[in-house]
Amino acid sequence: MTIEDVLGMKSIGGVTMSPDGGWVVYVVTTRDMEENGYDSDLWVVATDGTRSIHLTRGDASDGGPQWAPDGSWLAFRSDRDENSQVWGIRPSGGEAWQVTEHPGGIGSFWIAPNGARIAFTAQPEKDEEEEAFEESRGRPMVADSAFASEWSLLWVAELKDGVASDAVQASPEGLYVTEMVWRPDSEGWAFGARPSPLLRYYPQGSAYVQEEVGGAARNVTEAMPGGEGPVAWDDTYGLIISGSGQALGTFNSQLWGVDLSGAPPRSLTAGLDENAGFVAVAGSDLLVEVSNGTDRGLVRIPLADDDEGIAPEPVSDGGYFYGGFSVSEDGSQVAFIAQDPETPPDLFVSSTTDFAPVRRSTVNPQVADLAFGETRVVRWHSRADGEEIEGVLTLPIGHQEGDRVPLLLRIHGGPSGVSTVTFHGDDGTYPTQVFAGLGYAVLQPNYRGSTGYGERFRGLNRGDISGKDWIDIDSGVDFLVEEGIADPDRLGIMGWSFGGHHTLSLIHISEPT
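To start, this report covers the structure provided alongside it. Quick caveat: nothing in here was measured; it's all calculated off a predicted structure.

The next subject is the overall build of the protein. When helices and strands are counted, the protein shows six helices and 34 strands. For a compact globule of 513 residues, the expected C-alpha radius of gyration is about 24 Å, and the protein comes in at 24 Å, within 12% of that figure. Its C-alpha atoms give the protein principal-axis dimensions of roughly 70 × 60 × 50 Å. Per-residue burial for the protein yields a buried fraction of 51% across its 513 residues. The long-range share in the protein, meaning contacts at least 24 apart out of those at least 6 apart in sequence, stands at 50%. If you average the places of the 32 positive and of the 79 negative side-chain charges in the protein, the two averages end up 2 Å apart.

This is the structure we're talking about:
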């Protein structure tokens, strides 16, 4: 691959299955090199593959699609107006129409289960004096200060024939709203909020329940340490929230059932030793997206039993790296993005009971003409204490066993990030497959502190940042030298965010080569 090939790659996201499981909408994003920006369009495809429609076109950025509860139309966020608003379109195509016209634009949005109302986050309305001042002077952007972000409030509007009325502020002053779920009867809702826009207040986030616009917002996770937010409200199993149940630290993010009568929240994922990403409630099961080392997939956890330690059952196989799951209303069908080292991300569908992925998009057909370096998982023991460490190794194209090649370290951030066995031909910042085409091997180490290996491993570098975790990385280089892969005289290093800290450490601690 070349840099031009990387820049020509399209990305896919926003996968959302229709309530009846018959259609899937997704978003394809393309780089606009002339305008130095991105264009995003909506596509829909029949689950059985009989029809595919390019729904939206043009220079706008369209995304965040949601199906109307009856499946008759799609809502999506678009900046085709002066600012971001909700727009609607029929899944069969045609002209899009504007759903909201909220001053200043909207953030995230949610349609009520009965289709009669829409909620969204937006900033407080500015008066004419404030707007004139910002237009003449601008507005400073200072990270994590009083200027870091405007307040995000929850607004609710009536929805008739796919068009929203003027919205009314629903959430009280003094709460920065981050997410929301409707009650199944559409008469109330729960939202997640913290007491300030500043990032340092994130651990003080809580879940609130509100019965009506302007009504009292009741903190239903007050007994928990903070950082909680709602992810679903189910007819049978009630309100479900996400949170670690710990004030600070590298603990697993769990899913909890909240008893609104005041009983302590019950962990639904205590038997899962990893961060739990909510997908859906399907019958009597909870479907969860979860990392597993360098892999990712879908698991099922029974909800009917009161035992909090139920082990998850795998739904997906190990054929691809999976993510972005969306399930039909009855839980029988699932759509998702799948990829592997030689297959760029694309839309796939499957049954949830008999998992068999079927591809339903080919976003980047040009990759069929490209060659890729082999990607494999490697393991070694850290010099620090013998802890087993995994990494993702990409070899140069045409590499022969026994050939020593220059090695580049590519270190993930976090430190609780993770490097995975995915398609690395679309990596814009550190183009791994471009390096492979130029004769380099690339090692992406999952040092202690990485996600995907359980709570114990993720916490091993607490109080020891750039200590033993750095030795884990350096031990990986020694391992590849001992294996006859890496040339010890030709080594390079790069890293983003916390990976940049490790890069700085290695430059200063290691001897120059």
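Glancing now at the sheet that holds strand 18 (residues 229–234). One open sheet accounts for four strands, arranged 18-19-20-21; its pairing is antiparallel. In this open sheet, the two strands that pair with only one neighbour each are strand 18 and strand 21 (266–267).

So, on to the environment of Ser171. Topologically, Ser171 is positioned in the loop between strand 13 (168–169) and strand 14 (176–182). Once residues within four sequence positions are removed from consideration, Ser171 is found in contact with Leu153, Leu154, Val177, Phe191 and Gln210. A polar side-chain atom of Ser171 sits 2.9 Å from the main-chain amide nitrogen of Leu154.

Where helix 5 (residues 468–482) meets helix 6 (residues 498–509), the axes come as close as 11 Å, and the angle between the chain directions of the two elements is 75 degrees. For the element pair helix 5 / helix 6, the angle class is roughly perpendicular. Of helix 6, the residues touching helix 5 (which contributes Asp469, Trp470, Ile473 and Asp474) are Phe498, His502, Ser505, Leu506 and Ile509. In terms of residue class, the contact of helix 5 with helix 6 is built from five nonpolar, two polar and two charged.

With 15 residues, helix 5 extends 20 Å between its outermost C-alpha atoms, agreeing within 8% with the 21 Å of an ideal straight helix rising 1.5 Å per residue. Each element contacted by the buried residues of helix 5 is listed here: strand 30 (375–381), strand 31 (388–394), strand 32 (405–411), strand 33 (441–446), strand 34 (486–495) and helix 6. Directly after helix 5, the chain includes Gly484, whose backbone phi takes a positive value near 80 degrees.

In this section: the pairing of strand 11 (residues 153–160). In terms of burial, strand 11 is a largely internal element, six of the eight residues being buried. With six bridges connecting them, strand 10 (residues 117–122) and strand 11 associate as antiparallel partners. Counted as the bridge partner of Thr121 is Leu154 from strand 11. Looking at chain direction, strand 11 and strand 13 are connected through two bridges and run antiparallel. When the sheet's bridge partners are listed, Trp155 is paired in strand 13 with Gln169. Note: strand 11 against strand 12 (residues 163–164), two bridges, orientation antiparallel. Residue pairing for strand 12: Leu159 is matched across the bridge by Ala164. Hairpin remark: strand 11 followed by strand 12, antiparallel, with two residues in the connecting loop; positive phi at Asp161, about 55 degrees.

Judged by how many residues are buried, strand 33 sits mostly within the fold: six of six residues are covered. Where burial is concerned, the two faces of strand 33 agree: the one with Ala441, Leu443 and Pro445 and the one with Val442, Gln444 and Asn446 are both buried. In terms of strand pairing, strand 31 meets strand 33 through five bridges, oriented antiparallel. The partner of Val392 across the bridge, within strand 33, is Gln444. With three bridges joining them, strand 32 and strand 33 adopt parallel strand pairing. Looking at strand 33, one finds that Leu407 is bridged to Ala441. Each parallel crossover has a hand, and the one from strand 32 via helix 3 (residues 432–437) to strand 33 is right-handed.

Attention now goes to helix 6. Under the 1.5 Å per step criterion, the end-to-end length of helix 6 is 16 Å for twelve residues, consistent within 8% with the ideal 16 Å. Looking at helix 6, one finds that the buried residues are Phe498, Gly499, His502, Thr503, Ser505 and Leu506. Looking straight down helix 6, one finds that the buried residues subtend no more than 165 degrees of arc, so they occupy a single side. In this structure, helix 6 carries Leu504, Ile507 and His508 as exposed residues pointing more than 90 degrees from its buried face. Elements in contact with the buried residues of helix 6: strand 32, helix 5 and strand 34.

Turning next to the nonpolar core. In terms of nonpolar packing, the biggest core is built from 22 residues, with Leu393, Leu407, Leu409, Leu443 and Leu480 touching the most fellow members. Among the elements that make up this core, the one with the highest residue count is helix 5 (five residues). Contacts of Leu443, omitting those with residues within four sequence positions, involve Val378, Trp380, Gly391, Val392, Leu393, Leu407, Leu408, Leu409, Arg410, Gly476, Val477 and Leu480. If you look at the next biggest cluster of nonpolar residues, it comprises 17 residues, including Phe109, Ala122, Ala164 and Ala167.

Bringing the packing of aromatic side chains into the picture now. Under the criterion given, the structure shown has 15 aromatic pairs. With 5.4 Å between their ring centres and 75 degrees between their planes, Phe372 and Phe423 make a pair best called edge-to-face. One end of the pair, Phe372, is in the loop between strand 29 (358–359) and strand 30; the other, Phe423, is in the loop between strand 32 and helix 3, with 51 residues separating them in the sequence. Relative accessible area serves as the criterion here: at 1%, Phe423 is assigned to the buried category. Ring pairing ties together the aromatic residues Tyr320, Tyr322, Phe325, Phe336, Phe348 and Phe355, which thus form one cluster. The ring centre of Trp87 lies 5.1 Å from the NZ or CZ of Arg80, which sits over that ring.

Throughout the structure, instances matching the rule amount to 17 salt bridges. In this structure, Arg383 and Asp474 form a salt bridge, with 3.1 Å as the shortest nitrogen-oxygen distance. Residue Arg383 is located in the loop between strand 30 and strand 31, and its partner Asp474 is located in helix 5; the two are separated by 91 residues in the primary sequence. Here Arg383 falls in the partly exposed class, since its relative accessible area comes to 45%. Through salt bridges that share partners, Arg183, Asp185 and Glu211 make up one connected network.

Rules used in this analysis
What you see as residue numbers is a count from 1 along each chain, following the sequence as written. Local features are withheld for residues below a pLDDT of 70 in this predicted model, meaning they are given only at 70 or higher, and side-chain atom pairs are given and counted only at 80 or more; totals for whole chains, interfaces and linings count all residues. Note that water and hydrogens are dropped before the side-chain values are worked out from all heavy atoms of the structure. The numbering of helices and of strands both runs from the N terminus, where a helix is a DSSP run of H or I of at least 4 residues and a strand a run of E of at least 2. With C-alpha atoms as the basis for the radius of gyration, the globule rule is written as 2.2 Å multiplied by the number of residues raised to the power 0.38. Relative accessibility thresholds used throughout: buried, under 20% of the residue-type maximum; exposed, over 50%; partly exposed, between the two (1.4 Å probe, protein chains only). Here, two residues are considered to be in contact whenever any of their heavy atoms come within 4.5 Å of each other. Two residue types count as positive, namely Lys and Arg, and two as negative, namely Asp and Glu; His and chain ends fall outside the count. For this purpose, a charge sits on NZ of Lys, CZ of Arg, CG of Asp or CD of Glu. When DSSP finds at least two bridges between two strands, those strands are taken to pair. Two N or O atoms count as a polar contact when they lie within 3.5 Å, although within protein this holds only if one can serve as hydrogen donor and the other as acceptor, and sequence-adjacent residues are included solely when both atoms are side-chain atoms. Angular values range over 0 to 180 degrees, each being the angle between N-to-C directions of two axes fitted as lines to C-alpha atoms, with helices fitted over their stretch in contact. Note on angle classes: values under 35 degrees are labelled roughly parallel, values over 145 roughly antiparallel, values of 65 to 115 roughly perpendicular, and the remainder oblique. Only Asp, Glu, Lys and Arg are considered charged, only Ala, Val, Leu, Ile, Met, Phe, Trp, Tyr, Cys and Pro nonpolar, and every remaining residue, Gly among them, polar. Helix span, expected: 1.5 Å multiplied by one less than the number of residues in the helix. A clockwise course of the path from the first strand over the helix to the second, judged with the strands pointing away from the viewer, identifies a crossover as right-handed. Directions are taken from the helix axis to each C-beta atom, and the arc is the one they span. In plain words, nonpolar cores are sets of buried Ala, Val, Leu, Ile, Met, Phe, Trp, Tyr and Cys residues tied together by side-chain atoms within 4.5 Å. Pairing of aromatic rings covers Phe, Tyr and Trp, the last counted by its six-membered ring, and requires centre-to-centre distances within 6.5 Å; plane angles under 30 degrees mean stacked, over 60 mean edge-to-face, and any other angle means tilted. Cation placement over rings: the criterion is NZ of Lys or CZ of Arg within 6 Å of the ring centroid and within 35° of the ring normal. What counts as a salt bridge is simple: a side-chain nitrogen of Lys or Arg found within 4 Å of a carboxyl oxygen of Asp or Glu.

From the geometry alone we can't say anything about function, so treat these as descriptive.
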